[in-house]
Amino acid sequence: MEINEIKEYLPHRYPFLLVDRVLEIKPGEFIAGVKNITYNEPQFTGHFPDHPIMPGVLIIEAMAQVAGILGFVTTGKKPADGYTYYLAGTDKVRFKRPVVPGDQLRLEAKIVTDKRGIWKFACRALVDGNVVCSAEILTAERRL
């Protein structure tokens, strides 16, 4: 899935669209995507000017965005149909090392549960095959 198709499943746009490509998707199960980290991104002007590090909350958001795509594809819905997924919670968040410009984040999410529109995903972000962040992410499906 390339950027134009991703934009059909996520309402986010620059500078907050944090998924560049979906590499693999198995509806009802698993998704893997990527986010290329570049020095041109606005967060690096202040985080931190002389030592740019991707903010952890943006790594979590990127994982939540791929999880949202998986939820949409699994249910056969899109934002154009009047639905969205909100980040509802995180648990067991762990950061293993900083993410810096030049890194490529591999974003993975597996569906753990889906109960009445509340989804739980097991998520990981990896750089060069090494986990840099892991979390359980909850999303809530809402009709707009």
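Residues numbered from 1 in each chain as written. Predicted model: local features only at pLDDT ≥ 70, side-chain atom pairs only at ≥ 80, totals over all residues. Heavy atoms only, no water.

1. Remarks on the side chain of Lys35
Moving on, step 1. As for its placement among the helices and strands, Lys35 is situated in strand β2 (residues 30-36).
Moving on, step 2. Within the local environment of Lys35, its side chain forms a polar contact with the side chain of Glu41, the two groups lying 3.2 Å apart. (Helix = DSSP H or I, 4+ residues; strand = E, 2+ residues; numbered from the N terminus. Polar contact = N/O pair within 3.5 Å; in protein donor to acceptor, adjacent residues only side chain to side chain.)

2. A short note on the pattern of salt bridges
Moving on, step 1. Counting across every chain of the model gives 10 salt bridges.
Moving on, step 2. When the shortest N-O distance is used, the salt bridge between Glu2 and Arg21 registers 3.6 Å. You can see Glu2 sitting in the segment before α1 (3-9) and its partner Arg21 sitting in strand β1 (residues 21-26), a full 19 residues away along the chain.
Moving on, step 3. Since its relative accessible area comes to 39%, Arg21 is described here as partly exposed.
Moving on, step 4. As a salt-bridge pair, Glu108 and Arg124 come within 2.9 Å of each other at their nearest N and O atoms. With Glu108 in strand β4 (residues 104-115) and Arg124 in strand β5 (residues 118-127), this residue pair connects regions lying 16 residues apart in the sequence.
Moving on, step 5. By relative accessible area, which is 36% here, Arg124 ends up partly exposed.
Moving on, step 6. In the salt-bridge network here, residues are joined through shared partners; they are Lys92, Lys120 and Glu136. (Salt bridge = Lys/Arg side-chain N within 4 Å of Asp/Glu carboxyl O. Buried < 20%, exposed > 50% of the residue type's maximum accessible area, 1.4 Å probe, protein only.)

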